[in-house]
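Breakdown of the fold
Listed here are the chains, written in short residue letters.
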Amino acid sequence: MTDLRVVGGDLLPPSDDRRHLLSVADLTRDDVERLLATARSFAHSQERDNKKLPTLRGRLILNVFYESSTRTSSSFELAAKRLSADTMTLKAVGSSVDKGESLKDTALTLSAYDPDVIVLRHPEIGAAQFVARATDARVVNAGDGKHQHPTQALLDLHTMREAFGRLDGLQVAIVGDITHSRVARSLVQALKLVGASAILVGPPALLPVGLAPTTSDIAAIADADVVYVLRMQQERMLAGANFVPSLREYTARWGITPERLRDGQRVMHPGPMNRGVEIDARVADSDASLVVDQVRSGLIVRMAVLYDLLTTGPVAVESAVGVA
Ligand code: NCD
């Protein structure tokens, strides 16, 4: 069995297995458009009093979270419930057992229940790919270390399209700790797929090379339609390493304040937000903020992902939504 730590590189090769959603790198533009169209059709169902669709009745979706999560775990659970699937959420936060070994055992144990989908969040890069190989279930990567978080990228695209009416040509400035961010890695790839562009802004030590154009000058956000704010991922920083002189200096140089934004710009954040550090509370609570829209998109996009993995694609979408 693979030791996950040997798969420690920044980017794993595409899985080439379309039964799973492991990485944005596995998706084509058509896949993205199909998933967003499905999400949109589910949005209508979520405006009714009876929000439940019978589509995945009798299916079993397991959510396995080895890292803390509020939005991702709750939205996957609710998405499964809204599609009438059985769902169970297991939180393994704080486990001190050897991670590779415990993941193997967990995968084997959970396989005994014959799940249709396993949604996995894990601190190790490649964990979702590992479980995809170890079980017959379809696997959704809900975050593997600093590597990938594909459903976050999809819900962000959905949020941007709803806000701007388009994705093509949109300019997104991603500001903050890019080096440790799976959200940034997935989002940059997803933006490229749909004809939008990204610039990465932040302290030099937190800007990886080769992903997208980078700058440490916060003035560069002026050209962006969307300012996408990330927190300092201190849990992924090596102890003792100084990526920024201090949080106070970070806020002074890169914090997103009302003064740094221009009219018409929208602000996004995947959460959890640290108000007063990377984002000023006045921005978080302003009309420019799309943070609540992102959470709402998370539900319907995750419904779309579960639906897409367990059915046959766009033709079935209409009938599934129509059945309700
Ligand atoms: C992100 C994550 O877990 O990668 N949050 C999320 O999924 N909503 C970003 C973060 O933790 O900063």
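Above this text is the structure in question.
Below, the structure is looked at part by part. Every chain is numbered independently, its residues counted from 1 as its sequence is written. pLDDT decides what is reported in this predicted model: residues at 70 or higher carry local features, side-chain atom pairs at 80 or more are listed and counted, and totals for whole chains, interfaces and linings draw on all residues regardless. As a rule here, side-chain values come from all non-hydrogen atoms in the structure, and water together with hydrogens is ignored.

1. Considerations on the overall build of the protein chain
When you go through the protein chain residue by residue, the secondary structure sums to 10 helices and 9 strands. Burial statistics for the protein chain: of 324 residues in total, 54% are counted as buried. The contact definition used throughout considers only heavy atoms, calling two residues in contact when any of these lie within 4.5 Å. Counted over contacts in the protein chain with a minimum sequence separation of 6, partners at least 24 positions apart contribute 74%. A total accessible area of about 14,100 Å² is found for the protein chain, and carbon and sulfur atoms account for 51% of it. Helix numbers and strand numbers start at the N terminus; a helix is a DSSP run of H or I with at least 4 residues, a strand a run of E with at least 2. Relative accessibility decides the category of a residue: with a 1.4 Å probe and only protein chains considered, values under 20% of the type maximum give buried, values over 50% give exposed, and everything between is partly exposed. Note on areas: these come from Shrake-Rupley sampling with a 1.4 Å probe, and a residue is covered only by the protein chains present in the view.

2. Considering the pattern of salt bridges
Any carboxyl oxygen of Asp or Glu within 4 Å of a side-chain nitrogen of Lys or Arg constitutes a salt bridge here. Counting across every chain of the model gives 13 salt bridges. With a closest N to O distance of 3.5 Å, R282 and E259 form a salt bridge. Of the two residues, R282 sits in helix α8 (residues 281-284) while E259 sits in the loop between α7 (247-254) and β9 (266-268), which places them 23 residues apart along the sequence. Note on R282: relative accessible area 49%, which makes it partly exposed.

3. Some points on the site of the ligand
Close to the ligand lie R71, T72, R121, H149, Q152, R182, V183, R231, Q233, P270, G271 and P272. Whenever a nitrogen or oxygen atom comes within 3.5 Å of another N or O atom, the pair is scored as a polar contact, on the condition that within protein one atom can donate a hydrogen and the other can accept it, and that pairs from neighbouring residues in sequence are kept only if both atoms are in side chains. A distance of 3.0 Å separates an oxygen atom of the ligand from a polar atom in the side chain of Q233. P270 places a polar main-chain atom, nitrogen or oxygen, 2.9 Å from a nitrogen atom of the ligand. Computed on the free molecule, the ligand has an accessible area of 310 Å², of which 94% lies beneath the protein chains in the complex. By residue class, the composition of the shell around the ligand is 3 nonpolar, 5 polar and 4 charged. Domain assignment of the residues forming the shell around the ligand places at least three in each of domain 1 (5-148 + 298-321) and domain 2 (151-295). If a single non-hydrogen atom of a residue is within 4 Å of a molecule or strand, that residue counts as near it. Here the term charged refers only to Asp, Glu, Lys and Arg, the term nonpolar to Ala, Val, Leu, Ile, Met, Phe, Trp, Tyr, Cys and Pro, and the term polar to all other amino acids, Gly among them. Where each domain begins and ends is defined by an automated method or by a domain database.

4. Section: the nonpolar core
Judged by nonpolar contacts, the single largest core of 60 residues is most densely connected at V119, M160, I174, Y228 and L306. With 10 residues, the top contributor of residues to this core is helix α9 (residues 291-310). Filtering out sequence-adjacent residues up to four positions away, I174 remains in contact with A184, L187, V188, A198, I199, L200, V201, Y228 and L230. Nine residue types can take part in a nonpolar core, namely buried Ala, Val, Leu, Ile, Met, Phe, Trp, Tyr and Cys, and a core is a set of them joined through side-chain atoms within 4.5 Å. Counting residues in each nonpolar core, the second largest holds 22 residues, with V175, V201, V227 and A284 among its members.

5. Thoughts on the sheet that holds strand β2 (residues 86-91)
Picture the strands of a sheet paired through backbone hydrogen bonds; they go either parallel or antiparallel. One open sheet accounts for 4 strands, arranged β2-β1-β3-β4; its pairing is parallel. On the outer flanks of this sheet lie β2 and β4 (138-144), each paired with one strand and no other. For this sheet, the mean angle separating the axes of adjacent strands, direction not counted, is 10 degrees. Pairing analysis gives 5 bridges linking strand β3 (residues 117-122) to β4, with the strands arranged parallel. When the bridges of β4 are listed, H122 appears paired with D144. Packing of α9 onto the sheet brings it into contact with β1 (60-65), β3 and β4, and relative to β4 it is tilted by some 150 degrees. Two strands form a pair only when DSSP identifies at least two bridges running between them. Fitted lines through C-alpha atoms serve as axes, helices being fitted only where they are in contact, and the angles separating the N-to-C directions of these axes extend from 0 to 180 degrees.

6. Section: the environment of Y250
With respect to the helices and strands, Y250 occurs in helix α7. Excluding residues that lie within four positions of it along the chain, Y250 makes contacts with V175, G176, P203, L230, M232, V244, G255, V277 and E278.

7. Here's the deal with the packing of aromatic side chains
Only the six-membered ring of Trp is used, alongside the rings of Phe and Tyr, when aromatic pairs are assigned; centres must lie within 6.5 Å, and planes under 30 degrees apart are stacked while those over 60 apart are edge-to-face, with the rest tilted. Summed over all chains, the structure comprises 2 aromatic pairs. Taken together, a centroid distance of 5.6 Å and an interplanar angle of 85 degrees make the contact between F42 and Y307 edge-to-face. Pair noted here: F42 is in helix α1 (residues 29-45) and Y307 is in helix α9, with a separation of 265 residues, a long-range link. Residue classification places F42 among the buried residues on the basis of a relative accessible area of 0%.

8. A look at the packing of helix α5 (residues 150-164) against α9
At a minimum axis distance of 8 Å, the contact between α5 and α9 shows a crossing angle of 120 degrees. When the axes of α5 and α9 are compared, the pair comes out oblique. The handedness of the crossing between α5 and α9 comes out as right-handed. Where α5 abuts α9, its residues T151, Q152, L154, L155, D156, H158 and T159 lie against D293, Q294, S297, G298, I300, V301, R302 and V305. Partitioned by chemical class, the residues of the contact of α5 with α9 number 5 nonpolar, 7 polar and 3 charged. Here roughly perpendicular refers to angles of 65 to 115 degrees, roughly parallel to angles under 35, roughly antiparallel to angles over 145, and oblique to all remaining angles. Helix crossings get a hand from a simple test, with the near helix turned counterclockwise from the far one by less than a right angle marking a left-handed crossing and a clockwise turn marking a right-handed one.

9. Focus: the side chain of H158
Mapped onto the elements, H158 comes out in helix α5. Dropping the residues within four chain positions of it, H158 is found in contact with L36, A39, R40, S297, I300 and V301.

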